[in-house]
Amino acid sequence: MTRILKFAKKRWYLMILIVVLLIGQAYCELTLPQYTSNIVNVGIQYKGIERTIPEVVRPETFQGLLSMIDRKDQEIVKDVYELKKKKSDKDLQKLYPLLKSSDLYVLNYDDMDEDTADEVTDIVTDAELKLLEMMSAQAGSQKSQQMKHVDMDQLKDVMGDSLAIAFIQQEYDAIGIDMDQYQMNYLKKSAVTMTALAFGSMVMAILVTLVASRLAAVTSKELRDRIFRKVVSFSNEEMNHFSTASLITRCTNDVQQIQMVMVMMFRMVLYAPIIGIGGIFKVLKTDTSMVWIIALAVVLLIGIVMLLMSVTMPKFKMMQDLVDRVNLVAREILTGIPVIRAFSREKYEEQRFDVANKNLMKTQLFTTRMMTFMMPTMMFIMNGVSVLIIWVGSHGVDTGTIQVGDMMAFITYTMQIIMAFLMLTMISIMLPRASVAAERIDEILESETLITDAKDASDITGAGEVEFHDVSFAYPGAEEEVIKHISFTAKPGQTTAIIGSTGSGKSTMIRLIPRLFDVTEGSITIDGTDIRQIKLEELRRNIGFVPQKGLLFSGTIDSNLRFGAEDAPAEQIEKAAQIAQATEFIDSKPERFESPIAQGGSNVSGGQKQRLAIARAIAKNPKIYIFDDSFSALDYKTDVALRKALNQEVGDATVLIVAQRISTILHADKILVLDEGRIVGQGTHEELLKTNQVYQEIARSQLSQKELDRNEEV
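What counts as what
Residues numbered from 1 in each chain as written. Predicted model: local features only at pLDDT ≥ 70, side-chain atom pairs only at ≥ 80, totals over all residues. Heavy atoms only, no water. Helix = DSSP H or I, 4+ residues; strand = E, 2+ residues; numbered from the N terminus. Buried < 20%, exposed > 50% of the residue type's maximum accessible area, 1.4 Å probe, protein only. Contact = heavy atoms within 4.5 Å. Areas by Shrake-Rupley, 256 points an atom, 1.4 Å probe, with all protein chains shown as cover. Polar contact = N/O pair within 3.5 Å; in protein donor to acceptor, adjacent residues only side chain to side chain. Core = buried A, V, L, I, M, F, W, Y, C linked by side-chain atoms within 4.5 Å. Salt bridge = Lys/Arg side-chain N within 4 Å of Asp/Glu carboxyl O. Patch = residues over 30% accessible without salt bridge, like charges linked within 9 Å, V, L, I, M, F, W, Y side chains within 5 Å. Axes fitted to C-alpha atoms, helices over the stretch in contact; angles between N-to-C directions. Parallel < 35°, antiparallel > 145°, perpendicular 65-115°, else oblique. Left-handed = near helix turned anticlockwise from the far one by under 90°. Nonpolar A, V, L, I, M, F, W, Y, C, P; charged D, E, K, R; others polar. Bend = angle between axes of the 7 residues up to and from the residue. Pairing = 2+ DSSP bridges. Right-handed = clockwise from strand over helix to strand, strands pointing away. Expected span 1.5 Å × (residues − 1). Phe/Tyr/Trp six-rings, centres within 6.5 Å; stacked < 30°, edge-to-face > 60°. pLDDT = per-residue confidence, 0-100. Lys, Arg positive; Asp, Glu negative; His and termini not counted. Charge placed at Lys NZ, Arg CZ, Asp CG, Glu CD.

What about the overall build of the protein chain?
Stage number 1. Across its full length, the protein chain holds 28 helices and 15 strands.
Stage number 2. Counting every position in the protein chain, which comprises 714 residues, the buried fraction comes to 47%.
Stage number 3. Within the protein chain, residue pairs in contact and separated by at least 24 positions form 77% of the contacts whose partners lie at least 6 positions apart.
Stage number 4. Here the protein chain has roughly 36,700 Å² of accessible surface; of this, 55% comes from carbon and sulfur atoms.

Digging into the side chain of Thr61
Stage number 1. The residue Thr61 is located in helix α3 (residues 59–67) in this model.
Stage number 2. Thr61 gets classed as buried once you look at its relative accessible area, which sits at 8%.
Stage number 3. Polar side-chain contacts of Thr61 include one of 2.8 Å to the side chain of Glu171.
Stage number 4. In contact with Thr61, other than residues within four places in its own chain, are Leu131, Phe167 and Glu171.

Considerations on the nonpolar core
Stage number 1. Ranked by size, the top nonpolar core spans 86 residues in total, and within it Ile227 and Ile258 carry the most contacts.
Stage number 2. With 17 residues, helix α17 (residues 404–445) is the single largest residue contributor to this core.
Stage number 3. Dropping the residues within four chain positions of it, Ile258 is found in contact with Ile4, Phe7, Leu223, Ala434, Ala437, Ala438 and Ile441.
Stage number 4. In terms of nonpolar packing, the next biggest core, distinct from the first, is built from 48 residues, Leu552, Ile614, Ala615 and Ala668 among them.

Examining unusual backbone geometry
Stage number 1. Phi at Gln581 takes a positive value of approximately 60°, unusual for a residue other than glycine.
Stage number 2. One can find Gln581 in the loop between α21 (570–579) and α22 (583–587).
Stage number 3. Taking the relative accessible area as the measure of exposure, Gln581 reaches 23% and is therefore partly exposed.
Stage number 4. Look at Asn621: it is not a glycine, yet its phi comes out positive at around 55°.
Stage number 5. Relative to the helices and strands, Asn621 is located in the loop between α23 (606–619) and β12 (624–628).
Stage number 6. Residue classification places Asn621 among the exposed residues on the basis of a relative accessible area of 58%.

Description of the pattern of salt bridges
Stage number 1. Throughout the structure, instances matching the rule amount to 18 salt bridges.
Stage number 2. A salt bridge links Glu60 to Arg58; the nearest nitrogen and oxygen atoms lie 3.6 Å apart.
Stage number 3. Arg229 is the salt-bridge partner of Asp225, the closest N and O atoms lying 2.9 Å from each other. Here Asp225 and its partner Arg229 are both found in helix α9 (residues 179–232), 4 residues apart, which amounts to about one turn of the helix.
Stage number 4. Taking the relative accessible area as the measure of exposure, Arg229 reaches 58% and is therefore exposed.
Stage number 5. Each of the salt bridges in this network shares a partner with another, and the network as a whole consists of Arg58, Glu60 and Glu171.

Some words on a nonpolar patch on the surface
Stage number 1. Taken together, Phe199, Met202, Val203, Ile206, Leu207 and Leu210 make up a surface patch of nonpolar side chains, about 540 Å² in accessible area.
Stage number 2. Inspection of the secondary structure puts Val203 in helix α9.

Section: the packing of α21 against α23
Stage number 1. Contact pair α21 / α23: the axes reach a minimum separation of 8 Å and the direction vectors enclose 135°. With respect to each other, α21 and α23 are oriented oblique. Viewed along their axes, α21 and α23 form a crossing whose handedness is right-handed. Every residue of α23 that contacts α21 at Gln572, Ile573, Ala576, Ala577 and Ile579 is listed here: Ala615, Ile618 and Ala619.
Stage number 2. Looking at the contact of α21 with α23 residue by residue, the class counts come to 7 nonpolar, 1 polar and no charged.

Re the environment of Met382
Stage number 1. Residue position: Met382 is located in helix α16 (residues 374–399).
Stage number 2. Along the chain, Met382 and Ile418 lie 36 residues apart, while their C-alpha atoms are 6.7 Å from each other.
Stage number 3. Beyond its immediate sequence surroundings of up to four residues, Met382 is in contact with Met415, Ile418, Met419 and Leu422.

Considering helix α11 (residues 244–269)
Stage number 1. Within α11, the axis deviates most sharply at Arg250, by approximately 35°.
Stage number 2. Here α11 lies mainly inside the structure; 19 of its 26 residues are buried.

A short note on the pairing of β12
Residues in a regular strand point their side chains to alternate faces of the sheet.
Stage number 1. The element β12 is largely enclosed, with a buried count of 5 among its 5 residues.
Stage number 2. The side-chain alternation of β12 yields two buried faces, one formed by Ile624, Ile626 and Asp628 and the other by Tyr625 and Phe627.
Stage number 3. As paired strands, β12 and strand β13 (residues 654–659) are joined by 5 bridges and run parallel to one another. Of the residues in β13, the one forming a bridge with Asp628 is Val658.
Stage number 4. Remark: the β12/helix α24 (residues 636–649)/β13 crossover connection has right-handed handedness.

Some words on the sheet that holds strand β3 (residues 103–107)
Within a beta sheet, neighbouring strands are joined by backbone hydrogen bonds and run either parallel or antiparallel to one another.
Stage number 1. In spatial order, the strands read β1-β3-β2; together these 3 strands make up an open sheet with antiparallel pairing. Both outer strands of the open sheet, β1 (56–57) and β2 (81–85), are each paired with one neighbouring strand and no more.
Stage number 2. Note: β2 against β3, 5 bridges, orientation antiparallel. By the bridge assignment for β3, Glu82 is matched with Val106.
Stage number 3. In the packing of α3 onto the sheet, the strands contacted are β1, β2 and β3, and the crossing angle to β3 comes to about 55°.
Stage number 4. In the packing of helix α4 (residues 71–80) onto the sheet, the strands contacted are β2 and β3, and the crossing angle to β2 comes to about 50°.

Focus on helix α2 (residues 12–45)
Stage number 1. Compared with an ideal rise of 1.5 Å per residue, which puts 34 residues at 50 Å, α2 spans 49 Å between its outermost C-alpha atoms and is within 8% of the ideal.
Stage number 2. The largest bend along α2 reaches roughly 30° and is located at Asn38.

Examining the packing of aromatic side chains
Stage number 1. The tally for this structure, following the rule as stated, stands at 10 aromatic pairs.
Stage number 2. When the centroid spacing of 6.0 Å and the interplanar angle of 0° are considered together, the rings of Tyr625 and Phe627 count as stacked. No difference in accessibility class separates Tyr625 from Phe627, as the two residues are buried.
Stage number 3. Through a chain of ring-to-ring contacts, the aromatic side chains of Phe62, Tyr81 and Tyr105 assemble into a single cluster.

Re the confidence of the model for the protein chain
Stage number 1. Per-residue pLDDT for the protein chain has a mean of 79; in total, 89% of the residues score no lower than 70.
Stage number 2. Strand β4 (residues 466–473) holds the highest mean pLDDT among the elements of the protein chain, 89, whereas helix α7 (residues 142–147) holds the lowest, 45.
Stage number 3. For the stretch residues 141–152, pLDDT sits under 50, and the model shows 12 contacts to residues farther than four places along the chain or on other chains.

What to know about a negative patch on the surface
Stage number 1. A surface patch of like charges, here negative, comprises Asp113, Glu114, Asp115, Asp118 and Glu119.
Stage number 2. Here Asp118 shows up in helix α6 (residues 114–139).
Stage number 3. A relative accessible area of 40% places Asp118 in the partly exposed class.

Quick look at the sheet that holds strand β5 (residues 483–490)
Stage number 1. With antiparallel pairing, 4 strands are arranged side by side in an open sheet as β5-β4-β7-β8. Whereas interior strands pair on both sides, the edge strands pair on one side only; in this sheet they are β5 and β8 (529–530).
Stage number 2. Where β4 meets strand β7 (residues 521–526), 5 bridges bridge the pair, whose relative direction is antiparallel. Of the residues in β7, the one forming a bridge with Val466 is Ile526.

This is the structure in structure tokens:
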């Protein structure tokens, strides 16, 4: 949970607001049971009389009470009662219209501090019981005969409040107070207060949900943004470590899990301890004789939750990996549909997806089945606790130690405490999976990006001369180096070509220039500066890179050509298309440069895709061009025209071409021949054809004998 909260720490003020609102909501909900108890105890049983000390009393009754009080305590009682005359007191006439006595002693209870109020209440209540006993004795009732043998302290403990209230009711009837109206006024006042508390609780619950939803949504948006920015900064090594399918799952499904749990967490997880602790505090104030029931329920609930979590947590961790697997298989199948159909492998791929899908389903069913035991068990405990409270509480009501209203309040508070655990239990179903998701996201955010800017990184100031200094490179975790001790210079205004057999390291070598990987040994410099000391953005901005597979993005032809030169004028874009020999098919489209391009360029041919990728690099107008076998899908005529236009229009730039076909690099200024990661020859086409055996073998496999003889003559 702390990991999830860490993601939202920037919005700490919203979390504080949520806590304040939850405390307010808990206060309202914890106060309501007390009013329910008071309605039963005070409003129904005691006719609305809240205190065991009368608010008003006749002078003769007041004197009778004083006679039952010690002389020292009489002064305390006299200080809190004030004698008022009805004829001269309009407030008294308004409050007690049926008042038969002209004079009354009125209690100034609200002006007393708490200690004084408690002391006066105890003194007057004792006096009321003594006076009631004396009055009953004088009446010669059977009850008075029994009361003579009852200890006064025992009488106060068991029935003191009830007898004192009965005494006050008699006094109010004698004064002429309408007890039915008095009772109704109390009930109305309690009803209004309870309605206000319920409405306040509802408003705060709505506000908490709104604020929590906004906090979760904003946090998720920022989290997706952070993940995306981090992934974009990854080198190929990190991309290979996580896999594209896993990164997509982490950026979508995992973030969604966190967003969903975050709303529930701020709405329920934070609320549960507040309502639980508040409920325990209220229970302790209500009655302590049944606290053991709550303790028993809490122990049972904690035991069940811990047992289920210990069983399901490993499965939740496995579930996210299985989601990755489903995404990986689905992505492979969807991107490889043409190949799958060409080889009639539909059934096999369907089975492969079915296996991944069933594995995920089985894990989800296991966790769901385990969690289905939780709610019925919790409800059984909750209902069992209710029955136990009623059973124990009924004995207390029978002996007079517990009032019915107090028992009702105790049940309500107990249910609130148990509901707090139920809320934690419900969120515990989602929390393990969200915790796993947060861990997976943290793995991305806290991962070290291997290729970063140096502290004192500089800009490219020269013409773009590229030089390899004894460069070697091995892929992470590989035992053998892919390229070994490579040294050469690619000068501006010249075309440097690289050729070799498949797997000789051609593509790997040129990918080191834009720092898609970093060299293992040696160094690569541009204009004499190590590329590791050049700002990454500056380095890549000055390189026009055309990969083997020309990848296009959904949009239009124009948006794709502007990918590296967003603010380029239309003339520059059109010129780049002309150089790349792409205007022929662009002009044939009705919308020309505004023609739509589907995702991945699926609505254009392979040759058109390559030409657009080349035009995109040219539109960038870089100092260095890198063509990684970028002419393979072009016909011979287009290939020749494109290279001729390149030589004329970008003659000042450094051009590096990786090629499989000798015809593509015949006129290169320098050709590097790679074999098993080493340069085994360099020179012009004619020079290599005479001196280099590897190049001769490649030439013999691609050129006719007539072409070879012509080159030898030259």
